[in-house]
Amino acid sequence: MIDEFHVMYMYKKIQAEAATTDMKTLEQLLKKFRQVVAERREEYYQEIGDKKVQKLRVKRLQ
């Protein structure tokens with residue numbers, strides 16, 4: 001729940017900054033944002049895969 005509030009806060013902050021920022025800087029921020037999202041998505045999927053592997057190992061041991 002706290003993460004959602006943080007995202008909302010950051011979204012509003014970005015909107016306020018975007019009104020006074022040039023396009024080049026905004027494009028650089030967007031590029032960096034996309035990199036971070038891709039990295040976190042990769043970590044998330046890796047974590048899900050690790051959990052599935054653990055479940056399979058537990059089933060094999062039983």
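Note that the structure is a prediction, hence the values are computed from the model and not measured. (Residues numbered from 1 in each chain as written. Predicted model: local features only at pLDDT ≥ 70, side-chain atom pairs only at ≥ 80, totals over all residues. Heavy atoms only, no water.)

Before going further, it helps to examine the overall build of the protein. Of the regular secondary structure elements, the protein holds 2 helices and 0 strands. Looking at the protein as a whole, 0% of its 62 residues qualify as buried. Here the protein contributes 14 positively and 10 negatively charged side chains, and the mean placements of these two sets differ by 7 Å. (Helix = DSSP H or I, 4+ residues; strand = E, 2+ residues; numbered from the N terminus. Buried < 20%, exposed > 50% of the residue type's maximum accessible area, 1.4 Å probe, protein only. Lys, Arg positive; Asp, Glu negative; His and termini not counted. Charge placed at Lys NZ, Arg CZ, Asp CG, Glu CD.)

As a further point, take the layout of surface pockets. Of the voids in this model, the largest pocket is the one considered here, and its volume is about 750 Å³. Considering the residues around the largest pocket, the lining is formed by 18 residues, among which Met10, Tyr11, Ile14, Phe33 and Val37 are closest to the centre. Top element by residues in the lining of the largest pocket is helix H1 (residues 2-18). It accounts for 9 residues. The residue makeup of the lining of the largest pocket, split by class, is 11 nonpolar, 2 polar and 5 charged. (1 Å grid on protein atoms, 1.4 Å probe; cavity = no way out; pocket = protein on both sides within 12 Å on 5 of 7 lines; lining within 4 Å. Points joined across faces, edges and corners; volume = space filled by probe spheres on them. Nonpolar A, V, L, I, M, F, W, Y, C, P; charged D, E, K, R; others polar.)

Considering all chains together, one arrives at 1 salt bridge under this definition. Glu47 is the salt-bridge partner of Lys51, the closest N and O atoms lying 3.6 Å from each other. A residue pair is termed a helical-turn pair when its members lie 3 or 4 positions apart in one helix, as Lys51 and Glu47 do in helix H2 (residues 23-61) at 4 residues. Taking the relative accessible area as the measure of exposure, Lys51 reaches 47% and is therefore partly exposed. (Salt bridge = Lys/Arg side-chain N within 4 Å of Asp/Glu carboxyl O.)

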